[in-house]
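Chain residues, written in single-letter form:
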2 protein chains.
Amino acid sequence: MSIDFSPEVLSNDLIAAGHIIPVGVQGIFGRGPMFEEVLRRFDDYVSRVAAGDQATRMSFPPCLDRKVLERSEYLDSFPQLAGTIFSFTGNEAQHKELIENVHEGRPWTHLQTMTGVCLTPAACYPVYPSFTGTLPEGGRLVDMQNWVFRNEPSPEPTRMQSFRVREFVRVGTPDMVVAWRDLWLQRGIDILQSLGLPAHSEVASDPFFGRGGRMLAANQREQQLKFEVVIPVISQEKPTAVCSFNYHQDHFGKLFDIQTADGEVAHTACLGFGLERIVMALFKTHGMDTAGWPAATREILGL
Amino acid sequence: MSIDFSPEVLSNDLIAAGHIIPVGVQGIFGRGPMFEEVLRRFDDYVSRVAAGDQATRMSFPPCLDRKVLERSEYLDSFPQLAGTIFSFTGNEAQHKELIENVHEGRPWTHLQTMTGVCLTPAACYPVYPSFTGTLPEGGRLVDMQNWVFRNEPSPEPTRMQSFRVREFVRVGTPDMVVAWRDLWLQRGIDILQSLGLPAHSEVASDPFFGRGGRMLAANQREQQLKFEVVIPVISQEKPTAVCSFNYHQDHFGKLFDIQTADGEVAHTACLGFGLERIVMALFKTHGMDTAGWPAATREILGL
């Protein structure tokens, strides 16, 4: 069977099947019942694979303390993707001006003030401040499912402004962290291949801002600090990253004062399953109706 | 057994039990493993009660098309609670200025531009644009679980800036909508009482902005357009709203051009279970460890 890969085909198929519900803005859409069911079943499958690790399960809201964003150096690397949250703090006269502007289609930016919160820029960010101090022997491992925001409106259904990531974060000595990353890189590929998805891993880099960013990206590739597991979803030639592995070395350990039990600066790594992208990869690969999916895939997901 | 009600006691107990993980800002905190487990089990219980209604299940991201916020008149009523999303759209020189300001603790508001998205201000808002047009005979019923944002930092653990609501929205003729609201008002009380929670319903009003807002609130009460199911969580005298029922009459029908099958402007109502607040009510009423909860509560939730 030959599959026709393009962002338009995927988008149209997902909409026609009721899996995504378009709204007036790109990268923000509703998810239909079967989409959500598959997402939940996949997330449960990851939980079964991870069960033996005894990670601490946490959940954070889609909003983050702005001071964590400022401290994290995210704005140094990806200022164009970060979202900050503003609100109205004026009086009744200013409120009158606000709603007149809103109803007459005039700008109302000047009546908004920056709040103490921003959008979560990456699923692992909320947890680092909770590691501050000295880690237990053996380090720590946290398991989360968080909504992430990226300011990148796009007609490609796989490039969302708001999406869920099942994220694991490991903090400890360099050896612990790298061994854990390698274990999960193989597990990630195994999980996706077991569902009949043509997944493989690649060395990757992040979309650093500006000219200086190109050097950072090249350095990241050279040191093999980022891997992605990719699957063809909207293009055969440029498969989509559905799972991402980042080794931060001592970056967060330094920024958030995290020490290992023997007093060294802690190293961290994280991995995230892009849940919406994986659901889209399943629909693209096996068809828009789960009833027609391969028996093995249905059985693993309990569909 | 006498229970000591206060925001501080609840907050301290939830933190000590690992159910909430404080971050640097009020109204934004992590949720621990048992908290999330109870939340999911309660959400599943609501699904079982609602199963016969055959609602259409949807899910929307925590971000909303800003045009929907502008069109909805939310800013007329609650400008102080709405959150808009800004981002950086500058060049490399401006980026340099941005990060210098960030790292030296100076304001950087002026380097942020309003985007086309905002935070979801109420769990029902994302769905109204999808109703535009003529409804089928019998109207429509949608079932969602969405993250909601409110710009109201507070030390009270029940007053969050970001929280999840299990939301049902009914759209159709006035008779359909009111009968459905009344059915669920009783179901809401039954669900919560079956879990051993001392729940009762009250006529309520929304926190409309400014002096004009007082009249709107009085009018809403007089017409009994809003009900809440309340439970003592941080105060015996002022129980906390854990479930909210709003009858909007033709407000959204007019704003989003929704007609019933016989050509009238559609009426809408919604109800939302405040999931975090219900979990907190369960911990407050039955204790911080689910192992000690009443057998009936544990059985219903499958704990």
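As the structure is a prediction and not an experimental result, all values here were calculated from the model.

## Describing the interface of chain B and chain A
Often the size quoted for an interface is simply the accessible area lost on bringing the parts together. In this assembly, 65 residues from chain B lie in contact with 65 residues from chain A. Around 5300 Å² of area is buried between chain B and chain A when both sides are counted, 65% of it from carbon and sulfur atoms. Counting across the chain B and chain A interface gives four salt bridges. Put simply, R40 of chain B and D44 of chain A hold a salt bridge, and the shortest N to O gap is 3.1 Å. At the junction of chain B with chain A, the criterion picks out 22 residue pairs in polar contact (both at pLDDT 80 or more). No other element matches the six residues that helix 5 (residues 92–103) of chain B contributes to the side of chain B that touches chain A. Its residues assigned to classes, the side of chain B that touches chain A comprises 29 nonpolar, 22 polar and 14 charged.

## What about the sheet that holds strand 11 (residues 226–231) of chain B?
Residues and elements named next belong to chain B. Across the sheet, which stays open at both edges, the seven strands sit in the order 3-8-9-14-12-11-10 with mixed pairing between neighbours. Lying at the two open borders of the sheet, with one neighbouring strand each, are strand 3 (56–58) and strand 10 (200–203). Taking each pair of neighbouring strands and ignoring which way they run, the sheet shows an average axis angle of 20 degrees. Of the pairings in the sheet, the one linking strand 8 (residues 140–149) to strand 9 (residues 162–172) comprises ten bridges and is antiparallel in character. Considered in strand 9, the bridge of V148 is made with F163. Helix 9 (residues 275–286) rests against strand 8, strand 9, strand 11, strand 12 (240–249) and strand 14 (267–274) of the sheet, and its axis sits at about 40 degrees to strand 14.

## Thoughts on the pairing of strand 14 (residues 267–274) of chain A
All names here are of chain A. Taken across its eight residues, strand 14 has eight buried, putting it largely inside the fold. In strand 14, alternate side chains face the same way, and those of H267, A269, L271 and F273 on one face and T268, C270, G272 and G274 on the other are all buried. Taken together, the eight bridges between strand 9 (residues 162–172) and strand 14 define a ladder with antiparallel strand orientation. Following the sheet pairing, F168 is matched in strand 14 by L271. In this sheet, strand 14 lies alongside strand 12 (residues 240–249) in antiparallel orientation, the contact comprising six bridges. Residue pairing in the sheet places S244 in a bridge with G272 of strand 14.

## What to know about the domain arrangement of chain A
Residue and element names in this part refer to chain A. Domain parsing of chain A yields domain 1 (7–83 + 121–301) and domain 2 (85–118). The C-alpha centroid of domain 2 is placed 34 Å from the C-alpha centroid of domain 1. With seven residues of domain 1 at the contact, the number on the domain 2 side is six residues. Carbon and sulfur atoms supply 60% of the area that domain 1 and domain 2 bury against each other, a total of about 540 Å² over both sides. Viewed at the interface, domain 2 and domain 1 are joined by zero salt bridges.

## Description of helix 9 (residues 275–286) of chain A
Residue and element names in this part refer to chain A. An ideal rise of 1.5 Å per residue puts 16 Å on twelve residues; helix 9 measures up with 16 Å between its terminal C-alpha atoms. Counting buried residues in helix 9 gives twelve out of twelve residues, a clear majority hidden from the surface. One or two residues past the end of helix 9 sits G287, with phi positive at roughly 110 degrees.

## Examining the sheet that holds strand 5 (residues 84–87) of chain A
The sheet built from six strands is open, its strands ordered 4(A)-6(A)-5(A)-5(B)-6(B)-4(B) with antiparallel pairing. Either end of the sheet is taken by a strand with one partner, and the two such strands are strand 4 (63–65) of chain A together with strand 4 (63–65) of chain B. With strand direction ignored, the average angle separating the axes of adjacent strands in the sheet is 50 degrees. For strand 5 of chain A and strand 6 (residues 113–119) of chain A, the ladder comprises three bridges, and the chain directions are antiparallel. Its bridge partner lying in strand 6 of chain A, F86 of chain A is registered against M114 of chain A.

## Details of the pairing of strand 12 of chain A
Regular strands show a simple pattern: their side chains alternate between the two faces of the sheet. Residues and elements named next belong to chain A. Taken across its ten residues, strand 12 has nine buried, putting it largely inside the fold. Looking at chain direction, strand 11 (residues 226–231) and strand 12 are connected through six bridges and run antiparallel. Residue pairing in the sheet places V229 in a bridge with C243 of strand 12.

## What about the relation of the copies chain B and chain A?
Superposition of the two copies of the chain requires a rotation about an axis and a shift along the axis. With an RMSD of 0.0 Å, chain B superimposes on chain A once it is rotated by 180 degrees and translated 0.0 Å along the axis. Taken together, the rotation and translation relating the two chain copies correspond to the operation of a two-fold axis. For chain B, the smallest separation between a C-alpha atom and the rotation axis is recorded for I85 of chain B, amounting to 2.4 Å. Most of the interface of chain B is mirrored in chain A, where 100% of its interface residues are also at the interface.

## Concerning the pattern of salt bridges
Under the criterion given, the structure shown has 38 salt bridges over all chains. Where R164 of chain A meets E276 of chain A, a salt bridge forms, and the shortest distance between an N and an O atom there is 3.0 Å. Of this pair, R164 of chain A sits in strand 9 while E276 of chain A is found in helix 9, placing the two residues 112 residues apart along the sequence. Using a relative accessible area of 1% as the deciding quantity, one classes E276 of chain A as buried. Here D143 of chain B makes a salt bridge to R57 of chain B, at a shortest N to O gap of 3.6 Å. Here D143 of chain B is found in strand 8, whereas its partner R57 of chain B is found in strand 3, with 86 residues between them in sequence.

Definitions and limits used
- Residues numbered from 1 in each chain as written.
- Chains lettered and ligands numbered in written order.
- Predicted model: local features only at pLDDT ≥ 70, side-chain atom pairs only at ≥ 80, totals over all residues.
- Heavy atoms only, no water.
- Contact = heavy atoms within 4.5 Å.
- Buried area = accessible area lost by both parts, 1.4 Å probe.
- Salt bridge = Lys/Arg side-chain N within 4 Å of Asp/Glu carboxyl O.
- Polar contact = N/O pair within 3.5 Å; in protein donor to acceptor, adjacent residues only side chain to side chain.
- Helix = DSSP H or I, 4+ residues; strand = E, 2+ residues; numbered from the N terminus.
- Nonpolar A, V, L, I, M, F, W, Y, C, P; charged D, E, K, R; others polar.
- Pairing = 2+ DSSP bridges.
- Axes fitted to C-alpha atoms, helices over the stretch in contact; angles between N-to-C directions.
- Buried < 20%, exposed > 50% of the residue type's maximum accessible area, 1.4 Å probe, protein only.
- Domains from an automatic or database assignment.
- Expected span 1.5 Å × (residues − 1).
- Least-squares fit on C-alpha atoms with pLDDT ≥ 70 in both.

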